[in-house]
Amino acid sequence: MGVLVLVGIAVANLWTEVAWYQQVGFTDVWRIQWIARIVLFLGAGLLAALVIWLNLWVAKRVRPARTGGRSQLDQMREQIAPLERLAMIALPAVIGLVTGLAVSSQWETVVAWMNHVEFGVEDPQFGQDVSFYVFTLPLLNLVVTLVLTLAVISTLIAGFVHLLYGGIAGTGRSYVASKGARIQLAVLGAIVMLSIAANYWLDRYGLLTKSGERFYGAAYTDVNAILPSRSILAGIAVIVALVFLVVIWRGDWRIPAIGIGLMVLSAVAIGGIYPAIVQRFQVAPNEQEFEAPFIQRNIDATRFAYGIDEVETTPYRATTEAEADALRSDADTTAQIRLLDPNIVSPAFQQLQQNKQYYNFADLLNVDRYEIDGELQDTVIAVRELNLDGLGTESRNWVNDHTVFTHGFGVVAAYGNRTTVDGQPSFFEGGIPSRGELGEYEPRIYFGRTLPDYSIVGAPAGTAPWELDFPDDDSATGQVNTTYTGDGGPSIGSMFAKLMYAIRLGEEQILFSDRVTPESQILYYRDPVERVSRVAPYLELDATTYPAVVDGRVVWVVDGYTTTDQFPYSAPISSDTLFARQSEVPVTGTVLNYVRNSVKATVDAYDGTVTLYAWDAEDPILQTWQNVFPTSLQPMSDISGDLMSHLRYPEDLFSIQRFQLTRYHVTDASSFYSGQDFWRSPADPTDDTRLQPPYYLTLQMPDQEEPSFSLTSNFIQGGDNPRNILTGYLAVNSETGSTEGQVDEDYGTLRLLELPRDTTIPGPGQVQNNFNSNADAQETLNLLRQGETDVVNGNLLTLPVGGGLLYVQPVYVQSKEGTRVPLLRKVFVSFGDQVGFADTLPEALDQVFGAGAGEGAAGSDPDDGVGAEPDPDTGEEQEPDPGTGTGGELDPAAEAALRDALDRANQAIQDGEAALAEGDFAAYGEAQERLQDAITDALEAEAILAGATPSGASGEGSSSPSATPSAAPSATAEASPEPEIVSP
């Protein structure tokens with residue numbers, strides 16, 4: 001019975017996997033990889049089983065005849081005699097099974113070698129094309145390992161059988177082998193030694209990917225001592241193999257034993273001692289001179305392998321003096337400075353646009369660009385996804401989880417360079433149903449990152465819909481339902497399909513529910529990254545997937561990489577650093593030393609269609625896999641202009657390149673050896689437990705004629721020096737253009753600004769310290785911290801403007817408890833040692849560069865149309881009233897009250913400190929009362945400016961100015977009727 005259950009589960013999993021691949025149109029990917037696995041399993045398994053069986057058979061066949069007498073060995077033979085037949089079957093079968101499984105797991109190595117394409121690049125030592133190391137060498141190592149393993153196992157088994165049946169006999173130190181035993185063991189010994197010789201020979205090539213103390217690849221000692229020793233040892237192993245064969249005729253085992261002893265001695269002497277002597281007495285005293293050619297190999301290979309060999313490096317004489325007209329030529333850049341931090345504003349999206357508790361936005365939002373009114377705008381965008389954790393436990397049951405709540409709804413997008421007058425994100429797309437600047441598109445999100453593991457959708461025509469589409473106050477039930485009409489999952493309409501999925505998922509409801517109809521489909525593997533990984537198993541995938549509205553659809557974009565860890569002389573990096581980004585030192589994980597962003601993939605959020613585009617068609621690894629899976633990739637020419645405009649340079653690739661450029665911006669071997677100019681990436685000033693992440697910004701580098709969408713990062717001094725001094729600024733052009741099938745020619749250009757070594761330019765850590773120690777700024781921020789609000793520093797952006805480097809940091813205020821909505825209240829600016837701090841970016845720039853310098857810079861948006869409510873009579877959007885916090889003029893009286901309250905609070909603090917210094921505790925207590933009154937008045941005035949009712953007026957809610965703006969939309973959303981809740 002148990003066997004039938006296991007067979008049923010296996011069949012169900014197999015059938016449903018095939019059904020999924022057929023539905024997404026990648027059956028060939030599943031078929032080819034499983035054919036390869038099965039062929040390798042059977043081939044290697046049968047070979048191993050045959051080898052073991054053959055050696056058992058030979059060992060038994062050549063055993064000597066019994067001569068009478070009964071020894072302990074004879075008694076043992078009699079006891080195991082009934083098991084001989086079983087051993088002849090079971091032992092080869094077990095070893096064959098294990099070997100088959102081990103070799104089949106290496107299917108990618110085998111099929112890649114069978115279809116490989118040459119790199120057209122030769123290694124500097126042996127002159128082999130790089131494809132030999134990437135494709136051929138791994139296969140040869142696999143074959144040698146297999147042969148050596150089987151030979152050793154066969155030798156041990158044959159030796160045991162000969163001992164058991166008398167083929168090897170003797171006492172003490174004297175043993176005699178029969179002729180048959182001698183021949184079999186000699187042949188096996190020769191095969192073992194030939195395998196060792198082959199292993200030594202292949203190890204010569206492995207020197208080119210070894211890790212040294214200072215750099216990677218074969219160094220002077222490796223090439224001039226270890227490399228010859230490996231060749232000599234390989235020759236000795238071949239000679240010892242021939243000596244083993246001499247035993248067949250001479251019958252003297254001392255000869256191969258002496259040979260093995262000499263080989264071990266040679267391995268110690270010429271493989272260990274001699275290289276150590278060369279390193280100690282020849283290389284170490286003249287290391288820089290001796291290692292220079294090999295260091296240069298490492299530099300050249302690493303820069304090529306990571307695509308940093310064509311970095312445009314420019315000396316940048318950054319000034320630290322702010323001049324009045326310095327920003328005039330950079331007006332386009334300052335106009336696009338992103339004030340909205342995607343790491344912080346997710347709670348604002350959730351409170352202002354979530355609408356219902358079962359919707360959610362990702363904690364980390366994405367930056368993209370959209371054309372609004374003919375102008376490209378940096379955008380913070382998010383998908384309103386379904387998150388059933390927001391439902392109460394009383395509403396959670398199989399029907400609701402898998403047939404009612406099936407999808408999210410719409411995208412929400414805000415300008416990156418502006419906010420509303422009360423600090424909220426300035427949305428240009430949002431609401432349910434979606435409205436705004438993006439036009440008509442399919443808003444339903446059936447494939448995303450937080451959806452249920454599976455949903456059953458679809459119904460016969462004429463059936464009343466039961467899938468929740470979106471809440472609607474005007475409908476009788478408080479919601480609008482829909483029926484899925486896409487082709488997103490395998491059919492589950494037949495009884496057999498129901499049975500298969502019921503077994504796979506362990507859900508008996510699938511068999512009996514009336515909502516599983518002949519027209520039903522089942523949606524699973526819904527995460528975009530997971531879908532891409534299943535149809536492209538040869539790719540490493542970027543940790544970030546981002547949404548885009550493209551050609552009337554919402555699609556998820558996933559970047560795919562082709563990688564290897566076998567590129568000669570290239571410095572490796574652990575792929576774990578791509579995702580954790582916690583340390584500059586690579587940690588244990590998947591190691592690579594060559595990477596290309598060779599594939600751009602999209603996943604349709606409505607029907608789950610996966611499309612793979614060959615982004616770097618010249619990459620030989622991608623070409624190899626195209627030979628393996630010829631129908632899985634689409635050419636770049638198939639990319640529409642709309643999709644092209646939303647593709648971008650991937651963050652993980654940039655992070656890898658940034659890491660390697662901390663050392664490999666140095667291209668001279670002597671300078672690299674000294675290490676005096678190595679850099680490092682700075683810690684995130686807002687979270688020193690991680691590195692500062694790269695930032696997407698629209699900016700203009702000094703050699704560019706106009707701003708472009710870019711990905712940027714900083715470098716500071718390396719080594720153990722704690723000084724946070726800026727040494728370099730890296731930006732890559734992430735603008736792909738909007739031409740169908742054609743990427744912008746400047747896309748992917750890496751530009752590195754090298755700062756002068758004789759000028760001190762503050763790094764991010766120093767700048768953050770300057771902000772934190774600015775007395776005027778901290779006085780204002782401390783007032784906010786003393787109430788029920790908290791201050792959160794946003795991303796510290798760096799831009800090359802005004803002939804120097806400008807730092808910009810938005811400052812958010814949010815409630816300490818309860819509903820937290822981060823609102824942009826202040827902006828820090830730094831240029832050199834000068835600091836500006838104001839309500840808006842233009843005002844902060846004016847403080848640093850002089851009056852009028854910030855004109856046209858990014859700032860607040862006085863008209864946020866998405867937040868406006870339609871007039872109930874005309875259906876047109878109403879203009880918000882002044883002082884409501886949604887786009888009108890600020891209330892002058894409230895502004896005056898806020899200034900007066902802050903002045904009174906400042907005076908109270910000073911009076912309190914003076915009284916405390918004189919020991920006048922009565923005066924100190926009176927000053928504290930005045931301070932508390934001033935803070936209360938300030939919070940009420942700020943709440944009026946934010947469009948909320950002060951807590952003192954109503955007696956409800958929080959007095960936090962950051963909490964109150966979100967109360968209105970949140971309360972409105974919760975007041976609408978709940979969607980259909982189906983009882984189990």
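Residues numbered from 1 in each chain as written. Predicted model: local features only at pLDDT ≥ 70, side-chain atom pairs only at ≥ 80, totals over all residues. Heavy atoms only, no water.

A. Region of interest: the overall build of the chain. On a plain count of helices and strands, the chain comes out with 28 helices and 34 strands. Residue pairs at least 24 apart in sequence account for 69% of intrachain contacts in the chain once pairs closer than 6 positions are excluded. Total accessible area on the chain is roughly 42,700 Å²; 54% of this is exposed by carbon and sulfur atoms. (Helix = DSSP H or I, 4+ residues; strand = E, 2+ residues; numbered from the N terminus. Contact = heavy atoms within 4.5 Å. Areas by Shrake-Rupley, 256 points an atom, 1.4 Å probe, with all protein chains shown as cover.)

B. Structural detail: helix 5 (residues 107-114). Every buried residue of helix 5 is listed here: Trp107, Thr109, Val110, Val111 and Ala112. Those residues of helix 5 hidden inside the fold are in contact with helix 2 (27-61), helix 4 (84-104), helix 6 (130-165) and helix 18 (620-628). (Buried < 20%, exposed > 50% of the residue type's maximum accessible area, 1.4 Å probe, protein only.)

C. How the structure looks around the pattern of salt bridges. Summed over the entire model, instances satisfying the criterion amount to 24 salt bridges. One salt bridge connects Asp839 with Lys826, and the closest N-O pair in it is separated by 2.3 Å. Here Asp839 is found in the loop between strand 34 (834-838) and helix 24 (841-849), whereas its partner Lys826 is found in strand 33 (residues 823-831), with 13 residues between them in sequence. What makes Lys826 buried here is its relative accessible area of 16%. (Salt bridge = Lys/Arg side-chain N within 4 Å of Asp/Glu carboxyl O.)

D. Just the nonpolar core, in detail. Of all hydrophobic cores here, the largest spans 151 residues; its most connected members are Tyr538, Leu612 and Trp625. For this core, the leading source of residues is helix 6, giving 10 residues. In terms of nonpolar packing, the next biggest core, distinct from the first, is built from 61 residues, Leu340, Phe349, Leu365 and Tyr695 among them. (Core = buried A, V, L, I, M, F, W, Y, C linked by side-chain atoms within 4.5 Å.)

E. Examining the side chain of Ser708 more closely. Considering the arrangement of structural elements, one finds Ser708 in strand 27 (residues 708-717). Look at Ser708 and you get buried, because its relative accessible area is 8%. In this view, Ser708 contacts Leu697, Thr698, Leu699, Asn733 and Glu735; residues no more than four positions away in its chain are not counted.

F. Summary view of the packing of helix 6 against helix 7 (residues 179-206). At a minimum axis distance of 9 Å, the contact between helix 6 and helix 7 shows a crossing angle of 155 degrees. The angle between helix 6 and helix 7 places the two elements in the roughly antiparallel class. Crossing angle aside, the handedness with which helix 6 passes helix 7 is left-handed. Within the contact of helix 6 with helix 7, the residues separate by chemical class into 19 nonpolar, 8 polar and no charged. (Axes fitted to C-alpha atoms, helices over the stretch in contact; angles between N-to-C directions. Parallel < 35°, antiparallel > 145°, perpendicular 65-115°, else oblique. Left-handed = near helix turned anticlockwise from the far one by under 90°. Nonpolar A, V, L, I, M, F, W, Y, C, P; charged D, E, K, R; others polar.)

G. How the structure looks around the packing of helix 1 (residues 2-24) against helix 16 (residues 528-535). Where helix 1 meets helix 16, the closest approach of the two axes is 12 Å, and the angle between their N-to-C directions is 95 degrees. In terms of axis orientation, helix 1 runs roughly perpendicular to helix 16. Residues Glu17, Trp20, Tyr21, Gln23 and Val24 of helix 1 lie in contact with helix 16, whose contacting residues are Arg531, Arg534 and Val535. Per-class residue counts for the contact of helix 1 with helix 16 are 4 nonpolar, 1 polar and 3 charged.

H. Geometry of the side chain of Thr136. With respect to the helices, strands and loops of the structure, Thr136 is situated in helix 6. Apart from the residues within four sequence positions on either side, Thr136 is in contact with Trp113, His116 and Ser131.

I. Molecular detail of the sheet that holds strand 5 (residues 366-372). Judged by pairing direction, the sheet is antiparallel, and its 5 strands sit side by side in the order 5-6-9-10-11 without closing on themselves. On the outer flanks of this sheet lie strand 5 and strand 11 (435-436), each paired with one strand and no other. Sheet analysis places strand 9 (residues 411-419) next to strand 10 (residues 425-430), joined by 3 bridges and oriented antiparallel. Across the sheet, the residue bridging to Ala413 is Glu429, located in strand 10. Docked against the sheet, helix 12 (residues 346-353) engages strand 6 (375-383), strand 9 and strand 10, running at close to 55 degrees with respect to strand 10. (Pairing = 2+ DSSP bridges.)

J. Main features of the confidence of the model for the chain. Confidence along the chain averages 85 in pLDDT terms, with 88% of residues attaining 70 or more. By mean pLDDT, the top-scoring element of the chain is strand 22 (residues 610-614) (97), and the lowest-scoring one is helix 28 (residues 964-975) (34). Note that residues 867-888 has pLDDT below 50 and, in this model, 36 contacts with residues that lie over four places away or in other chains. Across residues 948-984, where pLDDT falls below 50, the model places 83 contacts with residues more than four positions away in sequence or in other chains. (pLDDT = per-residue confidence, 0-100.)

K. Just the sheet that holds strand 22, in detail. Strand order in the open sheet formed by 4 strands is 17-18-21-22, with antiparallel pairing between adjacent strands. With partners counted over all chains shown, the strands left at the sheet margins are strand 17 (540-550) and strand 22, one partner each. Averaged over all pairs of adjacent strands, the angle between strand axes in this sheet comes to 25 degrees, irrespective of strand direction. Bridge analysis of strand 17 against strand 18 (residues 553-564) gives 8 bridges, and the strand direction is antiparallel.

L. Examining the packing of aromatic side chains more closely. Tallied over the entire structure, the rule returns 42 aromatic pairs. Seen in terms of ring centroids, Trp20 and Tyr21 are 5.1 Å apart; in terms of plane orientation they differ by 90 degrees. Their pairing is edge-to-face. Judged by its relative accessible area of 4%, Tyr21 is buried. Ring centres 5.2 Å apart and planes at 55 degrees place the aromatic pair Tyr524 and Tyr525 in the tilted group. The same class applies to Tyr524 and to Tyr525, which are both buried. One aromatic cluster in this structure is built from Trp15, Trp20, Tyr21, Phe496, Tyr501, Tyr524 and Tyr525. For the cation-ring pair, Arg204 lies above Trp201, with the distance from its terminal atom to the ring centre recorded as 3.7 Å. Across the ring face of Tyr546, the terminal group of Arg648 is positioned such that the distance to the ring centre comes to 3.9 Å. (Phe/Tyr/Trp six-rings, centres within 6.5 Å; stacked < 30°, edge-to-face > 60°. Lys NZ or Arg CZ within 6 Å of the ring centre and 35° of its normal.)

M. Spotlight on a negative patch on the surface. Side chains of Asp332, Asp373, Glu375, Glu437, Glu705 and Glu706 sit close together on the surface and give a patch of like negative charge. Within the secondary structure, Asp373 sits in the loop between strand 5 and strand 6. (Patch = residues over 30% accessible without salt bridge, like charges linked within 9 Å, V, L, I, M, F, W, Y side chains within 5 Å. Lys, Arg positive; Asp, Glu negative; His and termini not counted. Charge placed at Lys NZ, Arg CZ, Asp CG, Glu CD.)

N. Structural context of the pairing of strand 18. Extensive coverage of strand 18 is indicated by the burial of 10 of its 12 residues. Taken together, strand 17 and the strand that follows it, strand 18, pair antiparallel across an intervening segment of 2 residues, in which Asp551 is found at a positive phi of about 50 degrees. Sheet topology places strand 18 next to strand 21 (residues 594-604); 9 bridges connect them, and they run antiparallel. By the bridge assignment, Asp559 is partnered in strand 21 with Lys600.

O. Geometry of unusual backbone geometry. Following Ile432, the chain continues to Pro433 via a peptide bond in cis, the omega torsion being -10 degrees. Mapping Pro433 onto the fold places it in the loop between strand 10 and strand 11. Not every positive phi belongs to a glycine, and Asp551 is a case in point at roughly 50 degrees.

P. Expanded view of the environment of Ala305. By the element assignment, Ala305 lies in helix 10 (residues 287-305). Separated by 263 residues in sequence, Ala305 and Pro568 have C-alpha atoms that sit 9.4 Å apart. Not counting residues up to four positions away in its chain, the partners in contact with Ala305 are Phe567, Ser570, Asn593, Tyr594, Val595 and Arg596.

Q. Focus on helix 20 (residues 651-664). Between its first and last C-alpha atoms helix 20 spans 19 Å; for 14 residues at 1.5 Å apiece the expected length is 20 Å, and the two agree. The buried fraction of helix 20 amounts to 13 of the 14 residues, a majority that puts the element mostly inside the structure. (Expected span 1.5 Å × (residues − 1).)

R. Spatial organisation of the environment of Pro138. Tracing the backbone shows Pro138 in helix 6. Residue classification places Pro138 among the partly exposed positions, given a relative accessible area of 24%. Excluding residues that lie within four positions of it along the chain, Pro138 makes contacts with Thr109, Phe132 and Tyr133.

S. Fine view of the pairing of strand 27. Buried residues dominate strand 27, accounting for 9 of its 10 residues. Sheet topology note: the strand 23 (residues 679-680)/strand 27 ladder contains 2 bridges and is antiparallel. By the bridge assignment for strand 27, Arg680 is matched with Ile716. Across 5 bridges, strand 26 (residues 695-699) lies against strand 27 in antiparallel orientation.

T. Broad picture of a nonpolar patch on the surface. On the surface, a nonpolar cluster with roughly 590 Å² of combined accessible area is contributed by Met1, Leu4, Val5, Ile9, Leu499 and Ile503. Of all elements in the fold, only helix 1 and helix 14 (495-505) reach the threshold of two or more residues within the nonpolar patch. With 3 residues, the single largest contributor to the nonpolar patch is helix 1. Checked against the element boundaries, Ile503 lands in helix 14. Among the residues examined, Ile503 registers a relative accessible area of 33% and is labelled partly exposed.

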